[in-house]
Amino acid sequence: YFDASAQIEFDPKKAGEEAGITLLNNGSHFDLLIKQSNGKRVVSAKLRFGSVVYESKEFALKPGPVRLAVKCTKTSFTFQYAQGNDPYTNVEKVDSKFLSSETIGGFTGLYVGLYATGNGKVSTAPADYNWFEYLPDNTPKKAGSGFPEL
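Notes on the structure follow.

## A short note on the side chain of Ser37
Structurally, the position occupied by Ser37 is in strand 3 (residues 28-37). If we ignore the near neighbours within four places in the chain, the residues touching Ser37 are Val42 and Glu58.

## So, the sheet that holds strand 1 (residues 2-10)
Backbone-to-backbone hydrogen bonds join strands into a sheet, with any given pair of strands oriented parallel or antiparallel. The five strands lie next to each other as 9-8-7-1-11, forming an open sheet whose pairing is antiparallel. At either end of the open sheet lies a strand with only one pairing partner, and these are strand 9 (89-95) and strand 11 (127-136). Averaged over all pairs of adjacent strands, the angle between strand axes in this sheet comes to 15°, irrespective of strand direction. In this structure, strand 7 (residues 66-72) lies alongside strand 8 (residues 76-82), joined through six bridges in antiparallel fashion. Bridging across to strand 8, Lys71 finds its partner in Thr78.

## Description of the packing of aromatic side chains
Considering all chains together, one arrives at three aromatic pairs under this definition. Each ring, one from Phe30 and one from Phe77, has its centre 5.9 Å from the other, and the planes form 80°; the classification is edge-to-face. Of this pair, Phe30 sits in strand 3 while Phe77 sits in strand 8, placing them 47 residues apart in sequence. The pair formed by Phe30 and Phe77 is uniform in burial state, with each residue classed as buried. Just above the ring of Tyr88 sits the side chain of Arg67; from NZ or CZ to the centre is 5.3 Å.

Rules and cut-offs
Residues numbered from 1 in each chain as written. Predicted model: local features only at pLDDT ≥ 70, side-chain atom pairs only at ≥ 80, totals over all residues. Heavy atoms only, no water. Helix = DSSP H or I, 4+ residues; strand = E, 2+ residues; numbered from the N terminus. Contact = heavy atoms within 4.5 Å. Pairing = 2+ DSSP bridges. Axes fitted to C-alpha atoms, helices over the stretch in contact; angles between N-to-C directions. Phe/Tyr/Trp six-rings, centres within 6.5 Å; stacked < 30°, edge-to-face > 60°. Buried < 20%, exposed > 50% of the residue type's maximum accessible area, 1.4 Å probe, protein only. Lys NZ or Arg CZ within 6 Å of the ring centre and 35° of its normal.

Shown next, in the form of structure tokens:
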């Protein structure tokens, strides 16, 4: 259980440039990212399990900074974005078992972090992260009990 969020200023100039938040375990990763698609700046989610890659629907972005957020519970990861004073919009919701050590192996567990890449090519667009926040244990609680709600 955790929430991770960041604000990024990133304006990719060419295909392959992307930046965002990643959830990583034993080589598999789920990314909430900003990239260029058909000449437009978009946000989407990319899920990679070994050689299998899934990309979500793309959401067009306005100019300016973007807030990215990942809400993680025992059973799911929810990827969201927002700009300006707009509320967060859901991009994708994924079953968390696909990044668990029980499913993909390994023993270290899940890592969360920020990234920027040119995907093997030189990138000219800077990714400026204004802030990053990690809030552990957003476990639902029963009112007044101090114990997680089941």
